[in-house]
Amino acid sequence: MSENRKQILEMLAAGKVNATEAEDLLAALDSAPAPTVADPATKPKPKYLRVVVDSLDKKHDTPTKVNIRIPMQLLRAGVRLAGLIPAAAHAHLNDAMKERGIPFDVSQIKPENLEEIIEQLNDLTVDVDEKHDNVQVRVFCE
């Protein structure tokens, strides 16, 4: 509820305005454009992590296109699910990840850290052009 709407309802409850006046004020509030402060330095929060790969198969002259769009909500849900892993299983899971070459500690996944990571992803853009192989890879947020 907006602060203005709350004030109008409080005025109605205190008897400073009657129901008709409160209704008129609320209607005026609904018809007035909401004040917005546009900060050009503020970017909207990213909703998706995108991975795009364009390649030309030299053997068959056929294009290969990969376009992956991962919702940030999926990342958030994954972090919440990681919190459900029992502490006794952390060492086993960490060892399995290390065996596959991924030095990772599952106990370090915290929901409060995820929003900071997602905020930093907003500035992420990776472009890889391999002209001699006709491959273009792009990773970015939108």
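As a reminder, the structure under discussion sits directly above these lines.
Residues numbered from 1 in each chain as written. Predicted model: local features only at pLDDT ≥ 70, side-chain atom pairs only at ≥ 80, totals over all residues. Heavy atoms only, no water.

## A closer look at the packing of helix α3 (residues 72-82) against helix α5 (residues 111-121)
In step 1: Across the interface, α3 lies against α5 with an axial gap of 10 Å and an inter-helix angle of 155 degrees. Classified by the interaxial angle, the pair formed by α3 and α5 is roughly antiparallel. The hand of the α3/α5 crossing is right-handed. For the pair α3 and α5, the contacting residues are Met 72, Leu 75, Arg 76 and Val 79 in the first and Pro 111, Leu 114, Glu 115, Ile 118 and Leu 121 in the second. (Axes fitted to C-alpha atoms, helices over the stretch in contact; angles between N-to-C directions. Helix = DSSP H or I, 4+ residues; strand = E, 2+ residues; numbered from the N terminus. Parallel < 35°, antiparallel > 145°, perpendicular 65-115°, else oblique. Left-handed = near helix turned anticlockwise from the far one by under 90°. Contact = heavy atoms within 4.5 Å.)

## Considering the side chain of Asn 94
In step 1: Tracing the sequence through the fold places Asn 94 in helix α4 (residues 87-99).
In step 2: We classify Asn 94 as buried; its relative accessible area is 10%. (Buried < 20%, exposed > 50% of the residue type's maximum accessible area, 1.4 Å probe, protein only.)

## Remarks on the packing of helix α1 (residues 3-14) against helix α2 (residues 19-31)
Packed helices, taken two at a time, are described by their axes: the angle between them and the distance between them.
In step 1: At their nearest, the axes of α1 and α2 sit 10 Å apart, and the two run at 175 degrees to each other. On the basis of their axis angle, the class for α1 and α2 is roughly antiparallel. Contact residues: Asn 4, Arg 5, Ile 8, Leu 9, Met 11 and Leu 12 in α1; Ala 19, Ala 22, Leu 25, Leu 26, Leu 29 and Asp 30 in α2.

## Digging into the nonpolar core
In step 1: Counting residues in hydrophobic clusters, the biggest one holds eight residues: Leu 49, Met 72, Val 79, Leu 114, Ile 118, Leu 121, Val 139 and Cys 141.
In step 2: Among the elements of the structure, α3, α5 and β4 (135-141) are those that each provide at least two residues to this core.
In step 3: Examining the composition of this core, we find that three residues originate from one element, α5, more than from any other.
In step 4: Beyond its immediate sequence surroundings of up to four residues, Leu 114 is in contact with Leu 75, Arg 76 and Val 79. (Core = buried A, V, L, I, M, F, W, Y, C linked by side-chain atoms within 4.5 Å.)

## Quick notes on α1
In step 1: Spanning 12 residues, α1 covers 16 Å between terminal C-alpha atoms, matching the ideal 16 Å at 1.5 Å per step.
In step 2: Remark: Gly 15 follows α1 within two positions and exhibits a positive phi of approximately 80 degrees. (Expected span 1.5 Å × (residues − 1).)

## Some remarks on the pattern of salt bridges
Side chains bearing opposite charge may pair, as long as their charged atoms lie close to each other.
In step 1: Inspection of every chain in the model, using the stated rule, returns three salt bridges.
In step 2: The partner of Lys 65 in a salt bridge is Asp 54, and the shortest N-O contact between them spans 3.2 Å. With Lys 65 in strand β2 (residues 62-71) and Asp 54 in strand β1 (residues 48-57), this pair connects stretches of sequence that are 11 residues apart.
In step 3: Residue classification places Asp 54 among the partly exposed residues on the basis of a relative accessible area of 22%.
In step 4: Here Glu 142 makes a salt bridge to Arg 69, at a shortest N to O gap of 3.8 Å. Remark: Arg 69 occurs in strand β2 and Glu 142 occurs in the segment after β4; sequence separation between them is 73 residues.
In step 5: Residue Glu 142 is classed as partly exposed on the basis of its relative accessible area, which comes to 37%. (Salt bridge = Lys/Arg side-chain N within 4 Å of Asp/Glu carboxyl O.)

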